[in-house]
Amino acid sequence: MRSPLALLLSATLFASTALLYGCNSCGSSTPDPASSSATSAALSDPSLANEQAPAKYRAKFTTTKGVFVVEVERALAPAGADRFFNLVKCGFFDGTKFFRAVDGFMVQWGIHGTPSVASAWRKARIQDDPVKSSNTRGAITFAMAGPNTRTTQVFISFGDNSRLDPDGFASFGKVVEGMDVVDSLYKGYGEGAPRGRGPDQGRIQQEGNAYLDAEFPKLDAVKHAEIVP
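What you are looking at is a predicted structure, and each value in this text was computed from that prediction instead of being measured.

1. Quick notes on the pattern of salt bridges
Here comes step 1: Enumeration over the complete set of coordinates arrives at 11 salt bridges.
Here comes step 2: The salt bridge involving Lys 65 is made with Asp 220; its shortest N-O contact spans 3.1 Å. Separated by 155 residues along the polypeptide, Lys 65 in the loop between strand E1 (56-63) and strand E2 (66-73) and Asp 220 in the loop between helix H7 (209-215) and strand E8 (222-228) bring together distant segments of the chain.
Here comes step 3: A relative accessible area of 39% places Lys 65 in the partly exposed class.
Here comes step 4: The partner of Glu 215 in a salt bridge is Arg 203, with the nearest N and O atoms 3.2 Å apart.

2. So, the packing of aromatic side chains
Here comes step 1: Tallied over the full model, the rule gives 17 aromatic pairs.
Here comes step 2: Summarising the aromatic geometry, the rings of Phe 61 and Phe 68 are spaced 5.1 Å apart at their centres and angled 5° between planes, so their arrangement reads as stacked. Accessibility assignment for this pair places Phe 61 and Phe 68 in one class, buried.
Here comes step 3: Plain terms: the ring middles of Phe 98 and Trp 109 are 5.0 Å apart, the flat faces sit at 55° to each other, and that makes the pair tilted. Placement of Phe 98 in the loop between helix H3 (78-89) and strand E3 (100-102) and of Trp 109 in strand E4 (residues 106-109) is noted, with a sequence separation of 11 residues between them.
Here comes step 4: Since its relative accessible area comes to 1%, Phe 98 is described here as buried.
Here comes step 5: One aromatic cluster in this structure is built from Phe 61, Phe 68, Phe 84, Phe 92, Phe 93, Phe 98, Trp 109, Trp 121, Phe 142 and Phe 172.
Here comes step 6: Lying over the aromatic face of Phe 158, Lys 187 brings its terminal NZ or CZ to 4.9 Å of the ring centre.

3. A word on the pairing of strand E7 (residues 171-177)
Here comes step 1: As judged from the 4 bridges shared by E2 and E7, these two strands associate in the antiparallel manner. Of the residues in E7, the one forming a bridge with Val 72 is Gly 173.
Here comes step 2: Where strand E5 (residues 139-142) lies against E7, 3 bridges are found, and the strand directions are antiparallel. Within the sheet, the bridge partner assigned to Ala 139 lies in E7 and is Lys 174.

4. A closer look at H3
Here comes step 1: Relative to the 16 Å expected for 12 residues at 1.5 Å per residue, H3 spans 16 Å between its end C-alpha atoms, a close match to the ideal helical length.
Here comes step 2: Buried within H3 are the following residues: Gly 80, Ala 81, Asp 82, Arg 83, Phe 84, Phe 85, Asn 86, Leu 87 and Val 88.
Here comes step 3: A positive phi of about 80° marks Gly 91, the residue just after H3.

5. Describing the pairing of E2
Here comes step 1: Bridging between E1 and E2 involves 8 bridges; their strand directions are antiparallel. Residue pairing for E2: Thr 62 is matched across the bridge by Val 67.
Here comes step 2: The loop that links E1 with its antiparallel partner E2 comprises 2 residues.

6. Focus: the sheet that holds strand E6 (residues 154-157)
Here comes step 1: Read across the open sheet, the 8 strands follow the order E3-E4-E6-E5-E7-E2-E1-E8; overall the sheet is antiparallel. Looking at strand neighbours, the two that pair on one side only are E3 and E8, the edges of this open sheet. Within this sheet the neighbouring strands show an average axis-to-axis angle of 25°, counted without direction.
Here comes step 2: The pairing of E1 with E8 spans 6 bridges and is classified as antiparallel.

So, how was this worked out
- Residues take numbers from 1 onward in each chain, read along the sequence in its written order.
- Local features are withheld for residues below a pLDDT of 70 in this predicted model, meaning they are given only at 70 or higher, and side-chain atom pairs are given and counted only at 80 or more; totals for whole chains, interfaces and linings count all residues.
- Hydrogens are left out, water is left out, and the side-chain values use all remaining heavy atoms of the structure.
- In the sections that follow, a salt bridge refers to a side-chain nitrogen of Lys or Arg positioned within 4 Å of a carboxyl oxygen of Asp or Glu.
- Secondary structure counts use DSSP, requiring at least four H or I residues in a row for a helix and at least two E residues in a row for a strand, with both numbered from the N terminus.
- Think of it in three bands: with a 1.4 Å probe and only protein chains considered, a residue is buried below 20% of the maximum accessible area for its type, exposed above 50%, and partly exposed in between.
- Any Phe, Tyr or Trp ring, taking Trp's six-membered ring, that has another such ring centre within 6.5 Å forms a pair; planes under 30 degrees apart are called stacked, those over 60 apart edge-to-face, and the others tilted.
- Consider the ring centre and the ring normal. A charge sits over the ring if Lys NZ or Arg CZ is within 6 Å of that centre and within 35 degrees of that normal.
- Pairing between two strands is assigned when DSSP locates at least 2 bridges connecting them.
- A helix is expected to reach a length of 1.5 Å times the quantity of its residues less one.
- The convention used is that axes are lines fitted to C-alpha atoms, helices contributing only their stretch in contact, and that angles between N-to-C directions extend from 0 to 180 degrees.

Distances and angles like these do not, on their own, reveal function.
Next up, the structure:
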């Protein structure tokens, strides 16, 4: 039987999940028009995203509260590491909101602010990875709504969430710089609807950032994410 904590996590994720986003044709952080067009196409068509990630890489997130850096080891969770690599590389996370931040638990993001893009990714699922690294403080992991349902949503643990390990939450990396920035992300709205007064994931999927800006203006956001040496 799944733990109450895992059920809580998955229940609020039913409207949206997370997975594979590789993109052989995606450009750099300052792409030319041709690569920009390819990136745009990949955002609307997940099947175009299929690049294998390096064995180890770092992703830098510039947010409204500052910068944090995640180091990913592909061996820990290959499918998750590949998806995350390509989501970052193709700019999927840019402009996304940290819509679920629960003090002492975790902060979650990864629903695209444009509803058409979010819709394209809802069924772009990847297979589960076995859990090889625990969900301890600073660990980054894909959210899910059951077996083989990861798509684009990820979370970082504020504390020791190793109790999630038996439920299949496979961490693929860890925050190596800027955990103080992660800790400072706005938590005032708490748990998401309907269990709390935070954002409703179904409405985020349907209305995008327009809904969040109007009803949850204090949420922090990703300004830009990029793969760094």
